[in-house]
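Each chain is listed here by its residues.
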Amino acid sequence: MSQLTFHSAGESHGRGCFAFVEGIPYGLAIDNAFIDEQLARRQKGYGRGGRMKIETDKAEVLSGVRRGISMGAPILLAVWNKDYRLDKAPELDCPRPGHADLAGHLKFNAPIRDILERASARETSARVACGALCRLLLKEFGIEVRSHVVALGPVELPADFQATWDDLARADASEVRCLDAACDEKMRAAIDDAKKNGDTLGGIFEVVVQGLPVGLGDHTQWDRKLDGRIGQAMMSIQAIKGVEIGLGFRAARLKGSQVHDAIEHVKSKAPRSDAGFVRPTNGAGGLEGGITNGAPLVVRVAMKPISTLMKPLMSVNIQTGEATKADVERSDYCALPAAAVVGENWLSFVLAQAFCEKFGGDSIVEMKRNYDGYLKQINKLGQPENAPGKHGVSEGGRE
Ligand SMILES: Cc1cc2nc3c(=O)[nH]c(=O)nc-3n(C[C@H](O)[C@H](O)[C@H](O)COP(=O)(O)O)c2cc1C
């Protein structure tokens, strides 16, 4: 068993984007159609530019899978680019504010083109391919991920808007992933308006995960806390500038009694992934002390407006030093709905990583045994023969 890891390679107009995924256990059924479906969802959304009309992203599995089953070996996935023209792509001299153009040019002593090709969010196709693979693993344990858009530019869902799990299944039907018909229309109008004015928009999306067992992540060290790991992962997505877990920033303005979630217990014959401990509210968003608590995980993510502007801001020509307008590349006007799909799949990677740490085995069969044993352990409450001692240690010593 090795740690679940991911590395990407590839450039926006290179041969393609590639995902190197290590640590997927033996015996996972690899559903290529599901991976391709996630890649197709990433290409959608109102406000996209011309590139998504050229590409039809699909993942080619180059290693680590035999007869549709993971081999416990590294898995290499390729998402080939149709718009492959790396050597012929034009050079840029006027760095675009909000991009890696200027900082990368200075840091690497390199042409801007060599920086932007790798900084591009085309790289998220590799992350989605990897995330979809991880999602297949999570599905084996009844864990599902959904998302919707809560704000786009100036348009926000009403503050009291509550999306149920079933509601979230409808988000794909909206081009802006919005569950409220009136807001949906206003969001699309806001994108039209930005596009007309050579401008761009960002917004906020929410990802919800159902079925996570209590106990993923760890309170004992800073870099093992799952909230911290989720924050790092989400912030690493291109254009993401903020992450909230549960009430997040909203909690700062409320009282403790309005934020924290009372604890209740329901009896159940079948072992439950929350051990029967339920919360009437979910201000914590499914995480306490950096550990999942069995409630749905709720992550909100803020995306800045797209940096490439058709009416560009002022910049400086790096060849001449003259003040000039920034260069313009073909670009999206708003990529928030696509970013939500990236968020879903990228969060799945972090969760699968934590899941493999907790229940890790060389094969899915071994993981399932570990998982079932754990569920038995945490579901002991109310069964006298299994009752823990006063300090949570079984009578007669530690198990
Ligand atoms: C799905 C997605 C699509 C994006 N499309 C574009 C785009 O078409 N044009 C653009 O300028 N930025 C786009 N971005 C954002 C840039 O890649 C990003 O802002 C840039 O690389 C600088 O990184 P930073 O914003 O994280 O600092 C996109 C981001 C995502 C998540």
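Counting restarts for each chain: residues are numbered from 1 in the order of the written sequence. Where local features are concerned, this predicted model is filtered to residues with pLDDT of at least 70; where side-chain atom pairs are given and counted, the filter is 80 or more; whole-chain, interface and lining totals use all residues. Based on all heavy atoms of the structure, the side-chain values leave hydrogens and waters out of the count.

A. Broad picture of a nonpolar patch on the surface. Together, Ile263, Phe277 and Leu381 line one region of the surface with nonpolar side chains, adding up to about 290 Å² of accessible area. The numbering of helices and of strands both runs from the N terminus, where a helix is a DSSP run of H or I of at least 4 residues and a strand a run of E of at least 2. Structurally, the position occupied by Phe277 is in strand S12 (residues 277-278). When accessible area is computed with a 1.4 Å probe and restricted to protein chains, residues below 20% of their type maximum are described as buried, those above 50% as exposed, and intermediate ones as partly exposed. Owing to a relative accessible area of 34%, Phe277 belongs among the partly exposed residues under this scheme. Like charges within 9 Å and nonpolar side chains (Val, Leu, Ile, Met, Phe, Trp, Tyr) within 5 Å are joined into patches, using only residues over 30% in relative accessible area that form no salt bridge. Reported accessibility uses the Shrake-Rupley method at a 1.4 Å probe radius. Residues are deemed covered only where the shown protein chains occlude them. The term salt bridge refers to a side-chain nitrogen of Lys or Arg lying within 4 Å of a carboxyl oxygen of Asp or Glu.

B. Representation of the site of the ligand within the structure. Contacts to the ligand come from 17 residues, most closely from His99, Lys304, Thr308, Ser331 and Asp332. In the analysis that follows, any N or O atom pair within 3.5 Å is treated as a polar contact, provided that within protein one partner can donate a hydrogen and the other can accept it, and provided that, for residues neighboring in sequence, both atoms belong to side chains. Within the side chain of Ser331, an N or O atom sits 2.8 Å from a nitrogen atom of the ligand. Here an oxygen atom of the ligand sits 2.8 Å away from a polar atom, N or O, in the main chain of Asp332. For the ligand, whose unbound accessible area comes to 630 Å², protein coverage reaches 86%. Under the scheme applied here, ten amino acids are nonpolar (Ala, Val, Leu, Ile, Met, Phe, Trp, Tyr, Cys and Pro), four are charged (Asp, Glu, Lys and Arg), and all others, including Gly, are polar. In terms of residue class, the shell around the ligand is built from 8 nonpolar, 6 polar and 3 charged. By convention in this text, a residue qualifies as near a molecule or strand provided that one of its non-hydrogen atoms is within 4 Å of it.

C. Looking closely at the pattern of salt bridges. In this structure the tally under the stated criterion is 27 salt bridges. In this structure, Arg113 and Glu329 form a salt bridge, with 2.8 Å as the shortest nitrogen-oxygen distance. With Arg113 in helix H4 (residues 112-119) and Glu329 in the loop between strand S17 (323-325) and helix H10 (336-359), this pair connects stretches of sequence that are 216 residues apart. The residues Arg113 and Glu329 share a single accessibility class, namely buried. Across the salt bridge formed by Arg250 and Glu244, the nearest N and O atoms sit 3.3 Å from each other. Assessed through its relative accessible area of 16%, Glu244 is described here as buried.

D. Region of the structure containing the side chain of Ser12. With respect to the secondary-structure elements, Ser12 resides in the loop between strand S1 (5-10) and strand S2 (16-22). Only heavy atoms matter for contacts: two residues are in contact if any of them lie within 4.5 Å across the pair. Not counting chain neighbours up to four residues away, the residues in contact with Ser12 comprise Arg51, Asn81, Asp83, Glu117, Ser120 and Arg122.

E. A look at the sheet that holds strand S10 (residues 240-245). Here a strand pair is declared whenever DSSP counts at least two bridges between the two strands. Here we have 5 strands laid out as an open sheet, ordered S8-S7-S9-S15-S10, and antiparallel in their pairing. A strand with exactly one partner marks an edge of an open sheet, and here the two such strands are strand S8 (155-156) and S10. Two elements, strand S9 (residues 203-210) and strand S15 (residues 297-303), share 7 bridges in a ladder whose sense is antiparallel. Bridge pairing links Val207 to Val299 in S15.

F. Structural detail: the confidence of the model for the chain. pLDDT expresses, on a scale from 0 to 100, how confident the predictor is about each individual residue. Averaged over all residues, the pLDDT of the chain is 95; the fraction at 70 or higher stands at 95%. Within the model, pLDDT remains below 50 along residues 395-399, and this stretch shows 4 contacts once partners closer than five positions in the same chain are excluded.

G. Geometry of the packing of H10 against helix H11 (residues 364-378). Taken N-terminus to C-terminus, the directions of H10 and H11 make an angle of 80 degrees; their axes are 9 Å apart at the nearest point. As far as their axial angle goes, H11 and H10 are roughly perpendicular. Here Phe355, Cys356, Lys358 and Phe359 of H10 lie close against H11, whose contacting residues are Met367, Asn370, Tyr371 and Tyr374. Here the residues of the contact of H10 with H11 are counted per class, giving 6 nonpolar, 1 polar and 1 charged. Lines fitted to C-alpha atoms define the axes here, with helix axes fitted over just the stretch in contact, and angles between the N-to-C directions of these axes take values from 0 to 180 degrees. Angles below 35 degrees are treated as roughly parallel, those above 145 as roughly antiparallel, those between 65 and 115 as roughly perpendicular, and all remaining angles as oblique.

H. Seen up close, the packing of helix H5 (residues 124-139) against H10. Axis separation between H5 and H10 bottoms out at 7 Å; the angle between their running directions is 50 degrees. Considering their axes alone, H5 and H10 lie oblique with respect to each other. The way H5 lies across H10 gives a crossing that is left-handed. Each of Thr124, Arg127, Val128, Cys130, Gly131, Ala132, Cys134, Arg135, Leu137 and Leu138 in H5 lies in contact with H10, whose residues at this interface are Val342, Glu344, Asn345, Trp346, Ser348, Phe349, Leu351, Ala352, Phe355 and Cys356. Considered class by class, the residues forming the contact of H5 with H10 number 13 nonpolar, 4 polar and 3 charged. Note on convention: the crossing is left-handed when the near helix lies turned anticlockwise from the far helix by less than a right angle, right-handed when the turn is clockwise.

I. Here's a closer look at the state of the cysteines. Count a disulfide wherever a pair of cysteine sulfur atoms falls within 2.5 Å. All chains considered together, the criterion is met by 0 disulfides. Looking at Cys130, it has no disulfide partner, and the nearest cysteine sulfur is the one in Cys134, 4.2 Å off. Looking at Cys356, it has no disulfide partner, and the nearest cysteine sulfur is the one in Cys134, 7.6 Å off. Taking the relative accessible area as the measure of exposure, Cys356 reaches 5% and is therefore buried.

J. Fine view of the packing of aromatic side chains. Aromatic pairing here means that ring centres of Phe, Tyr or Trp (its six-membered ring) are within 6.5 Å. Orientation follows from the plane angle: under 30 degrees is stacked, over 60 is edge-to-face, and everything else is tilted. Summed over the entire model, instances satisfying the criterion amount to 10 aromatic pairs. Each ring, one from Phe355 and one from Tyr371, has its centre 5.6 Å from the other, and the planes form 40 degrees; the classification is tilted. Taken together, the residues span a long stretch of sequence, with Phe355 in helix H10 and Tyr371 in helix H11 at a distance of 16 residues. The burial state of Phe355 is the same as that of Tyr371; both residues are buried. Cluster of aromatic residues (ring-pair linked, three or more members): Phe141, Phe355, Phe359, Tyr371 and Tyr374. Charge-over-ring contacts are defined here by two conditions on Lys NZ or Arg CZ: a distance within 6 Å of the ring centre and an angle within 35 degrees of the ring normal. For Arg15, the ring lying beneath its charged end belongs to Tyr84, and the centroid distance is 5.6 Å. Here the basic side chain of Arg188 rests over the ring of Tyr46, its NZ or CZ set 5.9 Å away from the ring centre.

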